[in-house]
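In case you want the letters, here they are:
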Amino acid sequence: MPASSQKAVRWAPLAIAAAVPALLFFVLPPLSRSGLWDPYELNVADFARRIALQLFHASDLALQGADNSLPHLNDLGRPELPFTSIALGFRLFGLHEWAGRLPLALWGLAGVLATYAFVARLFDRRTGVYAAIALSTMPVYFVQARTMLGDVCTMAGLAMAFGGLAVAAFDRDEDGPTTLLRRAPWLAMAAAGLFVGLESHGALLGMGVPLLGVGLSWGVSRVGARARGRDVIGDVVGAVALFAGLGVVAFAVRALGSPEASKDLSLWIGAMVHAPAKAPTYDAYIGAIGHALAPWSAFLPFAFGRLLLVPTGRIGAVGERESLSRVAVVVGSAVALVGHGFLASRTEAVAFTGPALCAVACAVAIRDFERGAHASIAVGLGTLLLAAILHHDFHELPEKATLAFGISGATFPESFKATALTLWWVVLGGFASCAFFTWVERDARRTPFDPATYGKVLRTLREAYDGLLALLYLATVVGAALAGAVVFFGLRLHAHWLPGVSATMRDLALNAWWVVAFAPLGAVFGLLFACDLWLWAFGRSQPASLASMTRGLEPPMALLARLRAPADEDDDPYATWVAWIVLVPMMLLATPLLLVMGLVGDLLRHRAPALALGGAVVGFVLCFFYYPALANQLSPKEVFESYRRDCAGAPLALLGVGGRTAAYYSGGRPQAMNDPASAYRWLAAGGGERRCLAMKADELPKLNELWREHTGSAGRPAENLPVLDARSSQILLASSTLGADERNENPLGPVVLASAPHPQRPLDVNLDDQLQVLGIDTFDEHGRLVEAVSPGRTYHLVTYYRVLGRVTTEWQAFLHIDGNGRRHNDGDHKPLNGKYAMALWLPGDVVADDHELKLEPNFGSGNYTIWFGLAVGDKCTERLRVKSGASDGCNRIQGGTLRVQ
């Protein structure tokens, strides 16, 4: 190979390690895409603005009416390096969100490069690349690198300090320990990292964790010191790190226990002492790390386990260096966990500062596998299981995603939940699948996509348990087919017994036969095909070339050639049938995937790097789609963009939105309103001139009531407050007028109606002269009116009320479905799902209470009676009185007949 090519290959790992974080932190997406999270990110930005104003003399950053003084350390709540870094960005580039985030993104890049550097030295360059990819795609790291929260400085400092100390303590060459001159740059990096850690989050996390991590590892390694020989330099570094770390911890614990701890910020602790309202459990911080590092956290426990194995193919001084480094990573991670757990019950939430160590653990496990370590189905299945648990958490508790910001207790936007769940399906499902197929087997001797293998599987299933499994399978299929036939002919012949069977059970009977027949075999052969795909892509790979572009066509062509060849007497008839029925359709459907995997296999040459690539891809999904979208839901940025686009310089006021935010988006400091009443007066005072109001969504109901009360007072219908932008469920842009081509985006529009509806089931029921029930509509999941419902499916029962007088009690709505000897009780719920309190309902308003209805799957067919009403208890006297209209005499309204099919 020419010298120039060798040099290019030598620098390629560093280029990749730098390119991945540079793209994710700066470009994909741009730093300006996500808005400022008010108040968390905005508070940090405002402190930094004041520091730039006072220390860097950036007079153009002064805001009229705002606090422009130099903040105290107690105001910051932690050491000042992150704030100073952001302030420098503001001083150089002005008061823009990207200007404040740029220095922190640079700190993030520095942390990734430091991680690559020490991993490449202690292990090898490929391991360093894997560590850089893993670290760059861990949410807690790239979120901190892309936001003005500041914890990325501590993370980068820990990577620098730990890495520098580890190399200085454990560095070896083939000839033995390296010289002091070789270790001097690493000591310098360690010193810089310790300083950064101290000035970012105090001595305990910034200095104590890396010092104790390396020092304790050195202490453990001294047990075998006589066997491995002496290393004076390493011993000095390790001993100093151990005793310095113990000293830092001792002073931090002492400072934490002093009477002055809760008054002033201590550099030993690095945070204001403020115990959380609810004491965390022993495993609380482990859970926080799991959610903040997802999806890598699903693989992380097994990666730490693999670190305990003897390095594959590494012997002598190099093997000793790698073994010591593995111990250091495990011990350092444990120390970081203990340190954070210690502070968790004494200070506010702190983002985990040791993701670099977790990334190294994942990288070493991947590299070990690539170098010849044994595969493990337990790792593949375990990662799949943990990913499923994480998905369950993000489904039930979506606010766990905010732990990547180092923030607990934040409210998750309601309108973003469906999108968030879909993206987590992609991320966790994709990563778990990649991990499973990477670790489930390695270098299997079978030929991929061999019809004989599929035929053998089918024969094995047929003969299992002396044929009992096949008999049970056939009996189940036949039974399901007979049940389907009975229902089918019953529908054709209008059998008298059929109406007693629910539509759900009928659909189940009609479709069960083909599900039972094809699903088990499809799962078995689908899994085998996916394993073959992985085996073929990586186990039969060749050096990358132009032919790699079309390599994916080789398996289908080889299969067709084999099927066209004359049959041999020794050929398994099962193989031929399975090839035509299973393999050929799968090949055709998977052709695009074969093309992609063929190219990827030739580029990577081994299945282990596929896990790193899979983590990079799903990390990109989180970085580019999930977290920017979440941040914009929590930020007023989109509202200010809509203001500039739609309001064209009209006066702007704020209600519930921090006035400081406007300085970053509108270039000024709009008038702030204290309550909905003053906001209404300001909007209405404009006359025919358009005025715009940026407001918290929580303020909308009261302001909407005031708007309706006054717009409906002049003999014209009341109108909902005009809203121009409701993309965020947290912050809205309202206006005093709507243009001719503008539509009211008021989120209350579907529940506070502009006109009376024409319900499917009209009613006329007077509820104590306060409400008139107009009727009921029944919709399916797609918003279509339906006459009948089926058990097990979701419907929406919409009840329409006209307000006759002020409602003075916050009633609960109830719903009963009675008939045929059974009852469905949906329980009590707040009318309008609590979006618009009943105290805000005005006489003349028409409101729609949309309630989800889902009958039990075994709910029998037939006609049932709808009973509903408003109550504060179970007794008749605790229900809103039915003054006139159909009822049962116990203040339950009769809503007509509901047909269940």
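As a convention, each chain's residues are numbered from 1 in the sequence order in which they are written. Thresholds applied to this predicted model are a pLDDT of at least 70 for local features of residues and 80 or more for the giving and counting of side-chain atom pairs; totals over whole chains, interfaces and linings are not thresholded and use all residues. To get the side-chain values, all heavy atoms of the structure are used, and hydrogens and water are removed first.

**Considering the overall build of the protein chain**
Applied cut-off: Only DSSP runs of H or I covering at least 4 residues are called helices, and only runs of E covering at least 2 are called strands; the numbering of each starts at the N terminus. Whether a residue is buried, partly exposed or exposed follows from its accessible area with a 1.4 Å probe, protein chains only, as a fraction of its type maximum: under 20%, in between, or over 50%, in that order. We call two residues in contact when some of their heavy atoms are within 4.5 Å. The Shrake-Rupley method, run with a 1.4 Å probe, gives the accessible areas here. Residue values count only the displayed protein chains as cover.
Assigned secondary structure in the protein chain consists of 28 helices and 18 strands. For the C-alpha atoms alone, the extent of the protein chain along its principal axes is close to 100 × 90 × 50 Å. Counting all 901 residues of the protein chain, 54% fall into the buried class. Considering only intrachain contacts with a sequence separation of at least 6, the fraction spanning at least 24 residues in the protein chain is 76%. Element-wise, carbon and sulfur atoms account for 62% of the exposed surface of the protein chain, whose accessible area totals about 39,300 Å².

**So, the environment of Ala 134**
Structurally, Ala 134 is set in helix α6 (residues 125-136). Since its relative accessible area comes to 1%, Ala 134 is described here as buried. Linking Ala 134 and Leu 832, residues 698 residues apart in sequence, is a C-alpha distance of 45 Å.

**Focus: the sheet that holds strand β13 (residues 812-819)**
The line we're drawing: Two strands pair under a simple rule: DSSP has to find at least two bridges between them.
Pairing is mixed in the open sheet, where 5 strands are placed in the order β11-β18-β16-β13-β14. The open sheet has two edge strands, β11 (788-789) and β14 (822-825), and neither has a second partner.

**Some details on unusual backbone geometry**
Negative phi is the rule for most residues except glycine; trans is the rule for most peptide bonds. At the junction of Leu 28 and Pro 29, the peptide bond is cis and its omega measures out at 0° in the coordinates. Looking at the element boundaries, Pro 29 is found in the loop between α1 (3-27) and α2 (40-55).

**Some thoughts on the state of the cysteines**
Selection rule: Here, a disulfide means two cysteine sulfur atoms that sit within 2.5 Å of each other.
Applying the stated criterion across every chain yields a total of 2 disulfides. Sulfur-sulfur distance for the disulfide between Cys 647 and Cys 692 comes to 2.0 Å. Between Cys 647 and Cys 692, the S-S torsion sits near -95°, and that sign places the bridge as left-handed. On the criterion of sequence distance, the pair formed by Cys 647 in helix α25 (residues 637-647) and Cys 692 in strand β5 (residues 692-696) is long-range, its members being 45 residues apart.

**Some thoughts on the pattern of salt bridges**
For the record, the criterion: The rule for a salt bridge is simple: a side-chain nitrogen of Lys or Arg has to be within 4 Å of a carboxyl oxygen of Asp or Glu.
Following the criterion strictly, the structure yields 38 salt bridges and no others. Between Asp 124 and Arg 367 there is a salt bridge, with its nearest N and O atoms 2.9 Å apart. One end of the pair, Asp 124, is in the loop between α5 (97-122) and α6; the other, Arg 367, is in helix α15 (residues 355-370), and 243 residues separate them in sequence. Residue Asp 124 is classed as buried on the basis of its relative accessible area of 13%. Judged by relative accessible area, which is 14%, Arg 367 ranks as buried.

**What to know about helix α4 (residues 81-93)**
Condition: In a helix, the anticipated span is given by 1.5 Å times the number of residues less one.
An ideal rise of 1.5 Å per residue puts 18 Å on 13 residues; α4 measures up with 18 Å between its terminal C-alpha atoms. Those residues of α4 that fall on the buried side of the exposure criterion are Leu 81, Pro 82, Phe 83, Ser 85, Ile 86, Ala 87, Gly 89 and Phe 90.

**Digging into the confidence of the model for the protein chain**
Keep this limit in mind: pLDDT is a residue-level measure of predictor confidence that goes from 0 to 100.
Here the protein chain averages 87 in pLDDT, while 95% of its residues score no lower than 70. Per-element mean pLDDT across the protein chain ranges from 50 in helix α10 (residues 225-228) up to 95 in α6.

**Things to note about a nonpolar patch on the surface**
Our working definition: A patch consists of residues exposed above 30% relative accessible area that lack any salt bridge, with like charges linked at up to 9 Å and nonpolar side chains (Val, Leu, Ile, Met, Phe, Trp, Tyr) linked at up to 5 Å.
Taken together, the side chains of Leu 88, Leu 92, Phe 93 and Trp 98 define a hydrophobic patch exposed on the protein surface, amounting to about 390 Å² of accessible area. Counting residues per element, the nonpolar patch draws most heavily on α4, which supplies 3 residues. In this structure, Leu 88 sits in helix α4.

**Considerations on the packing of α6 against helix α24 (residues 608-633)**
Basically, it comes down to this: Orientation is described by lines fitted to C-alpha atoms, with helices fitted over the stretch in contact, and by angles between N-to-C directions that extend from 0 to 180 degrees. An angle below 35 degrees is treated as roughly parallel, one above 145 as roughly antiparallel, one from 65 to 115 as roughly perpendicular, and anything else as oblique. Handedness of each helix crossing follows the sense of rotation of the near helix against the far helix: counterclockwise by less than a right angle gives left-handed, clockwise gives right-handed.
Where α6 contacts α24, the two axes come as close as 9 Å, and the packing angle between them is 25°. Here α6 lies roughly parallel to α24, going by the angle between them. Two packed elements cross with a definite hand, and for α6 against α24 that hand is left-handed. Contacts between α6 and α24 involve Arg 126, Tyr 130 and Ile 133 on the former and, on the latter, Pro 609, Ala 612 and Ala 616.

**Describing the packing of aromatic side chains**
How two aromatic rings sit relative to each other is set out by the distance from centre to centre and by the angle between their planes. To keep things clear, this is the line we draw: Planes of paired rings set the category: under 30 degrees apart is stacked, over 60 is edge-to-face and the rest tilted, where pairs are Phe, Tyr or Trp rings (Trp by its six-membered ring) whose centres lie within 6.5 Å. In this scheme, Lys NZ or Arg CZ marks a charge over a ring once it lies within 6 Å of the ring centre and within 35 degrees of the ring normal.
Applying the stated criterion across every chain, the model contains 31 aromatic pairs. Ring geometry for Phe 436 versus Phe 437: centroids 5.2 Å apart, planes at 80°, classification edge-to-face. Phe 436 sits in the buried class, given a relative accessible area of 11%. With centroids separated by 5.7 Å and ring planes inclined at 35°, the aromatic side chains of Phe 437 and Trp 534 adopt a geometry described as tilted. Residue Phe 437 is found in helix α17 (residues 417-439), and its partner Trp 534 is found in helix α20 (residues 503-539); the two are separated by 97 residues along the sequence. By relative accessible area, Phe 437 is classed as buried at 15%. By way of ring pairs, the aromatic residues Trp 37, Tyr 40, Phe 142, Phe 394, Phe 405, Phe 412, Phe 416, Trp 424, Tyr 626 and Tyr 627 are connected into one cluster. Residue placement shows Arg 346 over the ring face of Phe 342; its charged tip is 4.1 Å from the ring centre. Between Arg 691 and the ring centre of Trp 682, over which it is positioned, the NZ or CZ distance is 4.9 Å.

**Things to note about the pairing of strand β15 (residues 846-853)**
Burial within β15 is extensive, with 6 of its 8 residues counted as buried. In this structure, strand β8 (residues 752-753) lies alongside β15, joined through 2 bridges in antiparallel fashion. Looking at β15, one finds that Val 752 is bridged to Val 847. Of the strand pairs in this sheet, strand β12 (residues 795-803) and β15 are connected by 8 bridges, and their pairing is antiparallel. Residue pairing across strands places Thr 799 opposite Asp 849, the latter belonging to β15.

**Thoughts on the environment of Pro 280**
Within the secondary structure, Pro 280 is located in the loop between α11 (232-257) and α12 (284-292). For the pair formed by Pro 280 and Phe 25, sequence separation is 255 residues and the distance between their alpha carbons is 32 Å. Setting aside anything within four residues of it in sequence, one finds Pro 280 in contact with Ala 344 and Ser 345.

**Quick word on the sheet that holds strand β6 (residues 723-725)**
What links the strands of a sheet is backbone hydrogen bonding, and the strands pair in either a parallel or an antiparallel sense. Strands sit in the order β4-β3-β5-β7-β6 across an open sheet of 5 strands; the sheet is mixed. Pairing within the sheet leaves two strands with one partner each, and these edge strands are β4 (671-673) and β6. The sheet shows a mean angle of 30° between the axes of neighbouring strands, direction not considered. Direction of pairing for β5 relative to strand β7 (residues 731-735): antiparallel, over a ladder of 5 bridges. Its bridge partner lying in β7, Met 695 is registered against Leu 732. Each of β3 (652-655), β5, β6 and β7 touches α25; the most contacted strand, β7, lies at about 20° to it.

**Here's the deal with the nonpolar core**
Note the following rule: Residue types Ala, Val, Leu, Ile, Met, Phe, Trp, Tyr and Cys, when buried and joined through side-chain atoms within 4.5 Å, form a set referred to as a nonpolar core.
Counting residues in hydrophobic clusters, the biggest one holds 199 residues, and the most contacted among them are Phe 90, Phe 299, Trp 424, Tyr 626 and Tyr 627. Looking at which element gives the most residues to this core, the answer is helix α8 (residues 151-170), with 15 residues. Not counting residues up to four positions away in its chain, the partners in contact with Phe 90 are Ala 45, Ala 48, Arg 49, Ala 52, Leu 61, Leu 95, His 96, Ala 99, Gly 100, Met 148 and Tyr 664. Core analysis: the next-biggest nonpolar cluster, separate from the first, contains 56 residues, Ala 653, Trp 682, Leu 706 and Leu 832 among them.

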